[in-house]
Number of protein chains: 2
Amino acid sequence: MATIHHPDIDSVPLSALLAALSDPTRLEIVGKLAAGPCSCAEMDIDASKSALSHHVKVLRQAGVIHQRAEGTMRITTIRRNELDARFPGLLDSVLNATGPK
Amino acid sequence: MATIHHPDIDSVPLSALLAALSDPTRLEIVGKLAAGPCSCAEMDIDASKSALSHHVKVLRQAGVIHQRAEGTMRITTIRRNELDARFPGLLDSVLNATGPK
DNA sequence: CCTATAGTTCAATTATTTTTGAACTTTTGG
DNA sequence: CCAAAAGTTCAAAAATAATTGAACTATAGG
């Protein structure tokens, strides 16, 4: 499998990050990930496989998440440090607003 | 003119706020407003009258801005206190990321 | 090897958003 | 009263984005 592409976070416009986070399903995904890394299946999201794959891709392309292949799974994590460096406080306030764990 | 409607900020979902802020033109508007109240014309946005009116409406419906009629103008301001109360830190981090004036 | 698992991709459809321009409403200055 | 200024509204068009289901790829377990 070709390696998964992750954008340089400095190349992501703020508007693109906000667009990625503006979807309820994706906010739910990010909320789950805030608790720790997981595979798509473990996210327990109510969406078809392909829709979920799509949403995850949008988040990846916006620099929100990182994925690494592990077996047949993709282990997904939030790019917390990088996001915090580029958009200080933003992720925290979003996570805090969704549901402070 | 019928009074301008502003939603109760508690009724605005986070996803709707983020969607409103996810457009470059609207981020520009909010950036301008961060410097103080102004009319649409004063915003100096590169968009047609009706497109600008549309963007401003989206921001208003998302609870981001407040408008009051003054003569033939609408004086627009950011609903800063309310936003800060409902989504602590969010607006600040967005404004900070756009261009810390 | 064979099959199940986990996810991706594709093309088609549907849905939502954005943009445009023209017509309209309000308000004010002359 | 009249005209200009500042926006709004509307309908149509254009552009984006989301959802589906089927076909596909890669990996691992038996």
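Now for a look at the structure at hand. (Residues numbered from 1 in each chain as written. Chains lettered and ligands numbered in written order. Predicted model: local features only at pLDDT ≥ 70, side-chain atom pairs only at ≥ 80, totals over all residues. Heavy atoms only, no water.)

Turning our attention to the pairing of strand β1 (residues 65–70) of chain A. Residues and elements named next belong to chain A. Note that β1 and strand β2 (residues 73–78) share 6 bridges and pair antiparallel. Each residue of the ladder has a partner; that of I65, found in β2, is I78. What sits between β1 and β2 in their antiparallel hairpin is a turn of 2 residues, with G71 showing a positive phi close to 65°. (Pairing = 2+ DSSP bridges. Helix = DSSP H or I, 4+ residues; strand = E, 2+ residues; numbered from the N terminus.)

To continue, consider the interface of chain A and chain B. Counting residues at the interface gives 18 residues for chain A, matched by 18 residues for chain B. Surface buried jointly by chain A and chain B totals about 1,300 Å² across both partners, of which 78% is contributed by carbon and sulfur atoms. Summed over the shared surface of chain A and chain B, the result is 0 salt bridges. At the boundary of chain A with chain B, the tally comes to 0 residue pairs in polar contact (both at pLDDT 80 or more). Looking at the side of chain A that touches chain B, the elements with two or more residues in it are α1 (14–21), α2 (24–34) and α6 (90–98) of chain A. (Contact = heavy atoms within 4.5 Å. Buried area = accessible area lost by both parts, 1.4 Å probe. Salt bridge = Lys/Arg side-chain N within 4 Å of Asp/Glu carboxyl O. Polar contact = N/O pair within 3.5 Å; in protein donor to acceptor, adjacent residues only side chain to side chain.)

Turning our attention to the protein's contact with DNA strand D. Taken together, 19 residues lie near DNA strand D, and A:S50, A:H55, B:K49, B:S53 and B:T72 sit nearest. One of the side-chain nitrogen or oxygen atoms of A:R26 is found 3.1 Å away from a phosphate oxygen of DNA strand D. Within the side chain of B:S53, a nitrogen or oxygen atom sits 2.5 Å from a phosphate oxygen of DNA strand D. Elements supplying a minimum of two residues to the surface near DNA strand D: α4 (49–61) of chain A together with α3 (40–43), α4 (49–61) and β2 (73–78) of chain B. (Near = heavy atom within 4 Å.)

Here we take up the layout of surface pockets. Any empty space left between atoms is shown by rolling a water-sized probe over those atoms. There is about 340 Å³ of room inside the largest pocket. Around the largest pocket, the lining is made up of 19 residues, and of these A:C40, A:S53, A:V56, A:Q67 and A:R74 lie nearest the centre. Here the lining of the largest pocket takes 6 residues from α4(A), the largest share from any one element. Looking at the second largest pocket, its volume works out to about 250 Å³. Looking at the second largest pocket, it is lined by 14 residues, and the ones nearest its centre are B:C40, B:S53, B:V56, B:Q67 and B:R74. Of all the elements in the fold, those that place two or more residues in the lining of the second largest pocket are α3 and α4 of chain B. (1 Å grid on protein atoms, 1.4 Å probe; cavity = no way out; pocket = protein on both sides within 12 Å on 5 of 7 lines; lining within 4 Å. Points joined across faces, edges and corners; volume = space filled by probe spheres on them.)

All right, on to the protein's contact with DNA strand C then. Not every one of the 20 residues close to DNA strand C is listed here, only the nearest: A:K49, A:S53, A:T72, B:S50 and B:H55. Put simply, 60% of the atoms of DNA strand C that lie within 4 Å of the protein are in sugar or phosphate. For DNA strand C, a phosphate oxygen lies 2.5 Å from a polar atom in the side chain of B:H55. If you list the elements that add at least two residues to the surface near DNA strand C, you get α3 (40–43), α4 and β2 of chain A together with α4 of chain B. Across the surface near DNA strand C, the residue classes tally to 5 nonpolar, 10 polar and 5 charged. (Nonpolar A, V, L, I, M, F, W, Y, C, P; charged D, E, K, R; others polar.)

Geometric descriptors of this kind do not, in isolation, establish any biological role.
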